[in-house]
Amino acid sequence: LLIDFLMFDASLECSTPSRRESLQFMAKKIVEFSTEELKRLPLLALLDSSSLDQLISASRIQAYPKHHLVLVKGVINDWLGILIKGHLQVVDISVCGVEVGLNILVPGNFFGEITVIDRQPRSASLVALTPCVVLQIPGDIARQLFFGYPPVAEAMQIHFVSVMRRMNEFRS
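The structure contained in this document is the topic of the report that follows. (Residues numbered from 1 in each chain as written. Predicted model: local features only at pLDDT ≥ 70, side-chain atom pairs only at ≥ 80, totals over all residues. Heavy atoms only, no water.)

This next bit is on the overall build of the chain. Each helix and strand in the chain was counted, giving seven helices and nine strands. Pairs at least 24 apart in sequence give 75% of the contacts found in the chain among residues at least 6 apart. Here the chain has roughly 9,800 Å² of accessible surface; of this, 58% comes from carbon and sulfur atoms. (Helix = DSSP H or I, 4+ residues; strand = E, 2+ residues; numbered from the N terminus. Contact = heavy atoms within 4.5 Å. Areas by Shrake-Rupley, 256 points an atom, 1.4 Å probe, with all protein chains shown as cover.)

And the structure:
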């Protein structure tokens, strides 16, 4: 797995020595997890060992500091994210220009599935509420899982139906 600390490195450049030390410690601490932990994530638990190993070897681990903008609405990023550690907030800007929190993601939640499927720009932005670690699965691999691996295809259908039901409840 490629673990990317670039986001932490950018924070280090403009920090005091004690803040740098704190950020370096946090970067090391936050990515302490094992392949066994990844296997316990709901979407990844559906994969057989061989498929999971292939997915992990093709994926990337990205660490983000608190308050970092993880995804930007309107941008096309061709990868599916699975939150491993931390909390993310899905946000959008209202017509009045006010940032509105739409959802909170917790470890095990995935995001970016709509963009991976339709290859259109992101429909919302994501902000790290806490230091986070995200597994980034390349879009072509995610699409293979969504369309060619029945357990994942079924999970995605159930996911989209639950999202639609939730949206219907908001309209009621």
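Following the structure, the description resumes.
We now examine empty space enclosed by the protein. With the rule as written, the count across this model stands at one cavity of 30 Å³ or more. In this structure, the largest cavity encloses a volume near 40 Å³. Lining the largest cavity are Leu43, Leu44, Leu47, Leu80, Ile137, Ala142, Leu145 and Phe146. A per-element tally of the lining of the largest cavity places helix H6 (residues 139–148) first, with three residues. Per-class residue counts for the lining of the largest cavity are eight nonpolar, no polar and no charged. (1 Å grid on protein atoms, 1.4 Å probe; cavity = no way out; pocket = protein on both sides within 12 Å on 5 of 7 lines; lining within 4 Å. Points joined across faces, edges and corners; volume = space filled by probe spheres on them. Nonpolar A, V, L, I, M, F, W, Y, C, P; charged D, E, K, R; others polar.)

One number sums up the size of the largest pocket: a volume of about 890 Å³. What lines the largest pocket is a set of 30 residues, and nearest its centre among them are Val90, Asn103, Glu113, Val163 and Arg166. Among the elements of the structure, strand S6 (99–105), strand S7 (110–111), helix H5 (113–118), strand S8 (125–128) and helix H7 (150–171) are those that each provide at least two residues to the lining of the largest pocket. The dominant element in the lining of the largest pocket, judged by the number of residues it contributes, is H7, at eight residues. Here the residues of the lining of the largest pocket are counted per class, giving 18 nonpolar, nine polar and three charged.

Backbone geometry at histidine 67 places phi at a positive 75°, although glycine is not the residue there. With respect to the helices and strands, the residue histidine 67 is situated in the loop between strand S2 (60–64) and strand S3 (69–71). Of note in the backbone geometry, arginine 119 takes a positive phi value of approximately 55° without being a glycine.

If you trace the four strands from one edge of the open sheet to the other, you get S3-S8-S5-S6, paired in antiparallel fashion. A strand with exactly one partner marks an edge of an open sheet, and here the two such strands are S3 and S6. Strand-to-strand, the axes of this sheet are offset by a mean angle of 35°, without reference to chain direction. Pairing geometry for S3 and S8, over two bridges, is antiparallel. (Pairing = 2+ DSSP bridges. Axes fitted to C-alpha atoms, helices over the stretch in contact; angles between N-to-C directions.)

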